[in-house]
Amino acid sequence: DTAVSQTPKYLVTQMGNDKSIKCEQNLGHDTMYWYKQDSKKFLKIMFSYNNKELIINETVPNRFSPKSPDKAHLNLHINSLELGDSAVYFCASSQASGDSYNEQFFGPGTRLTVL
Amino acid sequence: AQSVTQLDSHVSVSEGTPVLLRCNYSSSYSPSLFWYVQHPNKGLQLLLKYTSAATLVKGINGFEAEFKKSETSFHLTKPSAHMSDAAEYFCVVRGPYSGGYNKLIFGAGTRLAVHP
């Protein structure tokens, strides 16, 4: 019954590798997000997709490539991993509704450790 | 530009005593403000939100927050702390509406510890 799920929960890998994190939501939302939380707990938006279309792309290295095969899924692929990519990555979803705020529901996070 | 400042990185209280987590905001227009909670190894959960209705907002688990425009504050309070309240709390402001997306701008977080 998980609303927003992410896999894997933990990911430990070597520098230079390529890895993917998957996110799925079963809430019927049309908008999904990726956030990065650094070691100091600071959370920042990375990407947002609405109906499979990229609508927000913050200042993120192009080694990070989001992909949305359908509006229930948003995956994050990272090439050539670096030490600084170590963080917790959160997926979230919401229903777009004009200028009104609709709550974003967050997944449990994926803790990525790059050695 | 919108921003939030959480004035305390750590707050420690005894069980049964009041909780106060402080947040100041900066916004060029009437803001929408939120508090999210993150329990250890869990995702974020919305506690409460202010969207220009009543200035005293009640949330889940007995938390509430008061929007004070004159002080540009949105402090989170609870009359009596419970052990299960120990978590990281984030004050959040909604950024400008753009392209159908509500950008959230997070504060640095306040870690609440509750002692028996």
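Throughout what follows, the structure given in this document is the object of discussion. (Residues numbered from 1 in each chain as written. Chains lettered and ligands numbered in written order. Predicted model: local features only at pLDDT ≥ 70, side-chain atom pairs only at ≥ 80, totals over all residues. Heavy atoms only, no water.)

### Points about the interface of chain A and chain B
Where the parts come together, the accessible area they lose is often given as the size of the interface.
Alright, step 1. The interface is formed by 27 residues belonging to chain A together with 23 residues belonging to chain B.
Alright, step 2. Summing both partners gives a buried area of about 2100 Å² for chain A against chain B, and 55% of it is carried by carbon and sulfur.
Alright, step 3. The interface formed by chain A and chain B includes two residue pairs in polar contact (both at pLDDT 80 or more).
Alright, step 4. Contributing elements (two or more residues each) for the side of chain A that touches chain B: β4 (31–37), β5 (43–50) and β6 (53–57) of chain A.
Alright, step 5. Here the residues of the side of chain A that touches chain B are counted per class, giving 13 nonpolar, seven polar and seven charged. (Contact = heavy atoms within 4.5 Å. Buried area = accessible area lost by both parts, 1.4 Å probe. Polar contact = N/O pair within 3.5 Å; in protein donor to acceptor, adjacent residues only side chain to side chain. Helix = DSSP H or I, 4+ residues; strand = E, 2+ residues; numbered from the N terminus. Nonpolar A, V, L, I, M, F, W, Y, C, P; charged D, E, K, R; others polar.)

### Comments concerning the environment of A:M15
All names here are of chain A.
Alright, step 1. Within the fold, M15 resides in the loop between β2 (10–13) and β3 (19–25).
Alright, step 2. For M15, a relative accessible area of 47% translates into the label partly exposed.
Alright, step 3. Taking the C-alpha atoms as reference points, M15 and L27, separated by 12 residues in sequence, lie 35 Å from one another.
Alright, step 4. Leaving out residues up to four positions away in the same chain, M15 has contacts with L81, E82, L83, V114 and L115. (Buried < 20%, exposed > 50% of the residue type's maximum accessible area, 1.4 Å probe, protein only.)

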